Amino acid sequence: MRSQAGIGTMPTTTNGGNDMQVAALAEALAGSRRPDGAISLHELQIWLSRAGLEELARAVASLARRVNVATQDPPEDPGHPWF
């Protein structure tokens, strides 16, 4: 009998995606890494789009927009770090 956790999720072969998608995601992450070790969200979006992972590319673009909005309006409490 199938567990409830698997309902509504994609069938996978590599804990979260098929082998080709996992490899494309790993390549996109490596390719978007800057010399200082940080990940460029813009570059990641481009790499994901080129790899055909459009849904992930849209999610990264949405994340980048939220980061930009949050950076423009940081919280006033200096006790909490802001990313």
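Residues numbered from 1 in each chain as written. Predicted model: local features only at pLDDT ≥ 70, side-chain atom pairs only at ≥ 80, totals over all residues. Heavy atoms only, no water.

Trainee: Explain the overall build of the chain here, please?
Mentor: Check the secondary structure of the chain and you find three helices and zero strands. For the chain, the succession of helices and strands along the chain, N to C, is α-α-α. Within the chain, the fraction of its 83 residues that count as buried is 17%. Excluding contacts between residues fewer than 6 apart, the proportion of contacts in the chain whose partners are at least 24 apart in sequence is 15%. Looking at the chain as shown, the accessible area adds up to about 6700 Å², and 58% of this sits on carbon and sulfur atoms. (Helix = DSSP H or I, 4+ residues; strand = E, 2+ residues; numbered from the N terminus. Buried < 20%, exposed > 50% of the residue type's maximum accessible area, 1.4 Å probe, protein only. Contact = heavy atoms within 4.5 Å. Areas by Shrake-Rupley, 256 points an atom, 1.4 Å probe, with all protein chains shown as cover.)

Trainee: What is the right way to look at the confidence of the model for the chain in this model?
Mentor: Note: predicted coordinates in regions of low pLDDT should not be interpreted at a detailed level. Mean pLDDT over the chain: 77, with 61% of residues reaching 70 or higher. Taken element by element, the predicted model of the chain shows its lowest mean pLDDT in helix α3 (residues 54–72) (85) and its highest in helix α2 (residues 41–50) (93). (pLDDT = per-residue confidence, 0-100.)

Trainee: Would you explain the environment of L41 in this entry?
Mentor: Along the chain, the position of L41 falls in helix α2. Taking the relative accessible area as the measure of exposure, L41 reaches 24% and is therefore partly exposed. Measuring from C-alpha to C-alpha, the distance between L41 and A64 comes to 6.2 Å, with 23 residues separating the pair along the chain. Beyond its immediate stretch of four places on either side in the chain, L41 contacts V60, L63, A64 and V67.

Trainee: Would you mind going over the packing of helix α1 (residues 19–31) against α2 with me for this structure?
Mentor: What describes two packed helices is the angle between their axes and the distance between those same axes. The contact between α1 and α2 brings their axes to 8 Å, and the two run at 150 degrees. Of the two possible hands of crossing, α1 and α2 adopt the one that is right-handed. In contact with L25, E27, A28, L29 and G31 of α1, α2 contributes L44, W47 and L48. Broken down by class, the residue content of the contact of α1 with α2 amounts to six nonpolar, one polar and one charged. (Axes fitted to C-alpha atoms, helices over the stretch in contact; angles between N-to-C directions. Left-handed = near helix turned anticlockwise from the far one by under 90°. Nonpolar A, V, L, I, M, F, W, Y, C, P; charged D, E, K, R; others polar.)

Trainee: Just to check I follow, could you spell out the side chain of S32 for this structure?
Mentor: For S32, the position within the fold is in the loop between α1 and α2. What S32 contacts, discounting residues up to four positions off in sequence, is A38, I39, S40, E43, L44 and W47.

Trainee: Sorry if this is basic, but what is going on with a nonpolar patch on the surface here?
Mentor: A contiguous nonpolar patch, built from L25, L29 and L56 and spanning about 210 Å² of accessible area, is present on the exposed surface. Inspection of the secondary structure assignment puts L25 in helix α1. A residue is classified by how much of its surface remains accessible, and L25, at 32% relative accessible area, is partly exposed. (Patch = residues over 30% accessible without salt bridge, like charges linked within 9 Å, V, L, I, M, F, W, Y side chains within 5 Å. Salt bridge = Lys/Arg side-chain N within 4 Å of Asp/Glu carboxyl O.)

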